Amino acid sequence: VLLVESGGVSVQAGGSLRLSCAASGRTFSAHVMGWFRQAPGKGREFVAAISRGGGSTYYADSVKGRFTISRDNAKNTVFLQMNSLKPEDTAVYYCASSVSAVVRTTTSQYDYWGQGTQVTVSS
């Protein structure tokens, strides 16, 4: 599975962005999808995840109410809508997929990763 993120740019605090992650292959709908991020000098942290059919979503407390994860299985794409952005949201954002049937929130439980896209939020 090849994952390619896009949509990362520099924005001012309070702004919005939508990240996209396009997946190769015909098994996209069989994968749980997640978004993670890594700020400079910090470890990679969970942001959001979505079940295979899209019916269940999970969020880190730090983004709950501001970010929305969604997926389009017909287009092999997962999205992360980010609203009310804060400077502390600045990070490289990674898309990841898991062959597990259960939604996970830790990096070790994801099997495939994209190359990341930079999001910078200025105050």
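Described in the following lines is the structure provided in the data block. (Residues numbered from 1 in each chain as written. Predicted model: local features only at pLDDT ≥ 70, side-chain atom pairs only at ≥ 80, totals over all residues. Heavy atoms only, no water.)

### What about the state of the cysteines?
Note the cut-off: Count a disulfide wherever a pair of cysteine sulfur atoms falls within 2.5 Å. A run of H or I in DSSP becomes a helix once it reaches four residues, and a run of E becomes a strand once it reaches two; helices and strands are each numbered from the N terminus.
Applying the stated criterion to the full structure yields one disulfide. Across the disulfide, cysteine 21 is cross-linked to cysteine 95 (sulfur-sulfur distance 2.1 Å). One quick way to see it: the torsion about the S-S bond of cysteine 21 and cysteine 95 is about -75°, and its sign makes the bridge left-handed. One end of the pair, cysteine 21, is in strand β3 (residues 17–23); the other, cysteine 95, is in strand β9 (residues 91–98), with 74 residues separating them in the sequence.

### Notes on the nonpolar core
To keep things clear, this is the line we draw: What makes a nonpolar core is a set of buried Ala, Val, Leu, Ile, Met, Phe, Trp, Tyr and Cys residues whose side-chain atoms join them at distances within 4.5 Å. Each residue is placed in one exposure class: buried if its accessible area under a 1.4 Å probe, protein chains only, is under 20% of its type's maximum, exposed if it is over 50%, and partly exposed if it falls in between.
In terms of nonpolar packing, the biggest core is built from 33 residues, with Trp35, Val78, Leu80, Met82 and Tyr93 touching the most fellow members. Of all elements in the fold, only β3, β4 (32–38), β5 (44–50), β7 (67–72), β8 (77–82), β9 and β11 (117–122) reach the threshold of two or more residues within this core. Here this core takes five residues from β5, the largest share from any one element.

### A short note on the packing of aromatic side chains
To describe a pair of aromatic rings, you give the distance between the ring centres and the angle between the ring planes. Note the threshold: The criterion for an aromatic pair is that two Phe, Tyr or Trp rings (for Trp, the six-membered ring) have centres within 6.5 Å, with stacked assigned to planes under 30 degrees apart, edge-to-face to planes over 60 apart and tilted to the rest. Counting as a charge over the ring demands two things of the Lys NZ or Arg CZ atom: a distance within 6 Å of the ring centre and an angle within 35 degrees of the ring normal.
Counted by the stated rule, this structure contains four aromatic pairs. Ring centres 5.0 Å apart and planes at 55° place the aromatic pair phenylalanine 36 and tryptophan 113 in the tilted group. One end of the pair, phenylalanine 36, is in strand β4; the other, tryptophan 113, is in strand β10 (residues 112–113), and 77 residues separate them in sequence. Taking relative accessible area as the criterion, phenylalanine 36 reaches 0% and is therefore assigned buried. Under the relative-accessibility criterion, tryptophan 113 is labelled partly exposed at 26%. Here the guanidinium or amino end of arginine 44 rests over the ring plane of tryptophan 113, the centre of that ring lying 5.0 Å away. Its end group placed over the ring of phenylalanine 28, arginine 71 keeps NZ or CZ at 4.5 Å from the ring centre.

### Some details on the environment of threonine 90
Keep this limit in mind: By the convention used here, residues are in contact when the closest approach between their heavy atoms is within 4.5 Å. Two N or O atoms count as a polar contact when they lie within 3.5 Å, although within protein this holds only if one can serve as hydrogen donor and the other as acceptor, and sequence-adjacent residues are included solely when both atoms are side-chain atoms.
Position of threonine 90 relative to the elements: it lies in the loop between β8 and β9. With 80 residues separating them along the chain, threonine 90 and serine 10 place their C-alpha atoms 9.0 Å apart. Each residue touching threonine 90, except ones within four places of it in the same chain, is listed here: Ala39, Gln118, Val119, Thr120 and Val121. Among the polar contacts made by the side chain of threonine 90, one reaches the main-chain carbonyl oxygen of proline 87 at a distance of 2.9 Å. Side-chain polar atoms of threonine 90 contact the backbone nitrogen of valine 121, separated by 2.9 Å.

### Some points on the pairing of β4
To keep it simple, the criterion reads: Pairing between two strands requires that DSSP report at least two bridges joining them.
Burial of β4 is extensive: six of the seven residues sit out of reach of the surface. Bridge count for β4 against β9 is seven bridges, and the pairing is antiparallel. Opposite phenylalanine 36, over in β9, you have tyrosine 94 as the bridge partner. Note: β4 against β5, six bridges, orientation antiparallel. Paired with methionine 33 across the bridge in β5 is isoleucine 50.

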